[in-house]
Amino acid sequence: MPKNRIHKTSDGRYKYSITDNYSKQHVLRSRKNETKKIFSQRCDSLDERLELGLPKEQTFNDLFNLWFENFVKTDLSKSELKNVESIYRLHVKPYIGHKLITDITRADVYDLLTRMKKSEYSTQYIKSARGIISRPYNWAINSIGYNLKAPTDGLKFSYPRDNQKGGRERCISDEDLARILEAAKGSKYYNYFQIIIQTGARPSEPLGLQIQDIKKDHVEIRRGWTIEGLTNLKNENASRDFPMFRQLKQALYSQRDKALFQTPEGWLFPSELGHPSMNAVQSALDRILKQTEVWELGGRNHQKKLKLIKPAVKCRLYDFRHTFATRMADEGMHPTMLMYLMGHSDITVTLQYYTEITEKMRNKAVDILENIS
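Reference entry: report on the structure contained in this document.

Cut-offs and rules
- Residues numbered from 1 in each chain as written.
- Predicted model: local features only at pLDDT ≥ 70, side-chain atom pairs only at ≥ 80, totals over all residues.
- Heavy atoms only, no water.
- Salt bridge = Lys/Arg side-chain N within 4 Å of Asp/Glu carboxyl O.
- Helix = DSSP H or I, 4+ residues; strand = E, 2+ residues; numbered from the N terminus.
- Buried < 20%, exposed > 50% of the residue type's maximum accessible area, 1.4 Å probe, protein only.
- Arc of directions from axis to C-beta.
- Core = buried A, V, L, I, M, F, W, Y, C linked by side-chain atoms within 4.5 Å.
- Phe/Tyr/Trp six-rings, centres within 6.5 Å; stacked < 30°, edge-to-face > 60°.
- Polar contact = N/O pair within 3.5 Å; in protein donor to acceptor, adjacent residues only side chain to side chain.
- Contact = heavy atoms within 4.5 Å.

### Some points on the pattern of salt bridges
Scanning the model with the defined rule gives eleven salt bridges in all. Of the charged contacts, one joins Arg222 and Asp241 as a salt bridge, the two residues approaching to 2.7 Å between their closest N and O atoms. Here the residue Arg222 occupies a position in the loop between strand 4 (218-221) and strand 5 (224-226), and Asp241 occupies one in strand 7 (residues 240-243), the gap between them amounting to 19 residues. Exposure remark for Arg222: the relative accessible area of 33% places this residue in the partly exposed category. Sharing partners across several salt bridges, the network here consists of Arg202, Glu205 and Arg240.

See below:
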């Protein structure tokens with residue numbers, strides 16, 4: 001029940017007023033055809049918000065933008081800044097961005113994280129999404145005095161179980177790689193997938209290539225093209241000259257001939273819009289993976305799908321990068337050289353996050369142990 005009395009004005013509408021703790025008066029007027037019962041509920045909601053110390057009816061999008069402008073932009077690194085923006089826009093905003101910060105529940109957050117888990121995002125990625133919800137609340141509570149409780153408080157969630165850090169296994173098998181490339185032959189991005197498999201480049205880096213970057217004995221990696229558009233590389237070490245070899249040269253030269261004179265900038269992978277498109281690449285990968293299904297065929301023309309023999313390969317663009325690193329480590333490439341090819345600034349990143357223990361590595365370890373014993 002509202003704290004103060006609801007008045008009926010001369011035009012037949014209802015009016016309610018209340019003064020907050022800062023001596024500021026707030027006035028509500030009923031909407032057209034709004035009943036007194038519904039209006040009374042809105043008055044109760046106003047009373048509650050003022051008790052919580054909230055300056056206005058805020059959605060989570062309002063709170064996120066306030067936190068982003070006053071804390072993230074001033075205190076976080078550029079890479080974390082881009083990561084926060086991307087995760088919020090792609091996952092958090094569509095689900096809870098429109099909800100009032102007083103209405104978001106623990107169940108809402110749990111549902112959001114569950115959706116991401118079902119989509120096979122990594123543990124770290126899902127935890128980042130949770131942090132993008134909890135951190136604005138905690139900032140508002142501790143920095144500007146909101147009397148709130150974060151919906152993430154006390155939330156227990158079962159994150160993906162990993163072989164190591166990350167989620168599911170990220171290394172694509174040789175058999176699955178062959179199935180992907182076979183299915184990609186009909187795609188305009190066939191050479192893109194050849195390049196990303198052969199170089200372990202970040203998905204944005206081949207999209208940032210221009211014809212002028214292709215040299216006789218190397219290819220210059222100088223820029224990227226993400227879902228947000230043209231971007232600088234992740235760090236100084238990401239700017240590198242990747243050595244040319246036969247298979248890479250074939251893919252680059254083949255794509256150069258296709259892209260020649262298509263755009264003034266000389267983009268190697270222009271979309272129909274005239275510039276590279278990460279969305280187009282992702283859509284192409286989705287179609288390609290669907291085509292990796294293996295079916296038993298029959299019927300009069302032997303084209304009817306009778307029985308699924310092998311389900312579609314499951315992977316994401318970044319899995320090609322992890323696979324490259326693991327394959328190179330498997331072949332005994334020196335860690336320092338692998339760090340350079342991957343464009344990392346810290347060798348621990350190369351060793352900890354981009355290589356997985358394979359059977360070949362285990363066998364080599366056994367050979368070494370036997371030879372020194």
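### A closer look at helix 12 (residues 335-342)
All buried positions along helix 12 are accounted for by Leu338, Met339, Leu341 and Met342. Viewed end-on, helix 12 has its buried residues packed into an arc of 165°, placing them on one side of the element. Phi for Gly343, located one or two positions after helix 12, is positive at around 75°.

### A closer look at the nonpolar core
Membership of the largest hydrophobic core comes to 44 residues, with the highest contact counts inside it found for Ile180, Tyr192, Phe193, Leu252, Val281, Leu317 and Phe320. Those elements giving two or more residues to this core turn out to be helix 6 (174-184), helix 7 (190-199), strand 4, helix 9 (246-259), helix 10 (278-290), helix 11 (317-330) and helix 12. In terms of residue count, helix 10 provides more of this core than any other element does, six residues in total. Listed in part, the 31 residues of the second largest apolar core include Val72, Val92, Val109 and Tyr159.

### Quick look at the packing of aromatic side chains
In total, this model carries 17 aromatic pairs according to the counting rule given. Look at Trp67 and Phe71: their rings are 6.4 Å apart centre to centre, the planes differ by 25°, and that puts the pair in the stacked class. Of this pair, Trp67 and Phe71 both sit in helix 2 (residues 60-75), separated by four residues, roughly a single helical turn. You can call Trp67 buried: its relative accessible area is 1%. You can call Phe71 partly exposed: its relative accessible area is 25%.

### Observations regarding the side chain of Gln210
One can find Gln210 in the loop between helix 8 (204-207) and strand 4. Overall, Gln210 belongs to the buried group, its relative accessible area being 11%. One polar contact links the side chain of Gln210 to the main-chain carbonyl oxygen of Glu265, over a distance of 3.2 Å. Not counting residues within four places of it along the chain, the set of residues in contact with Gln210 comprises Arg223, Glu265, Gly266, Trp267 and Leu268.

Geometric descriptors of this kind do not, in isolation, establish any biological role.
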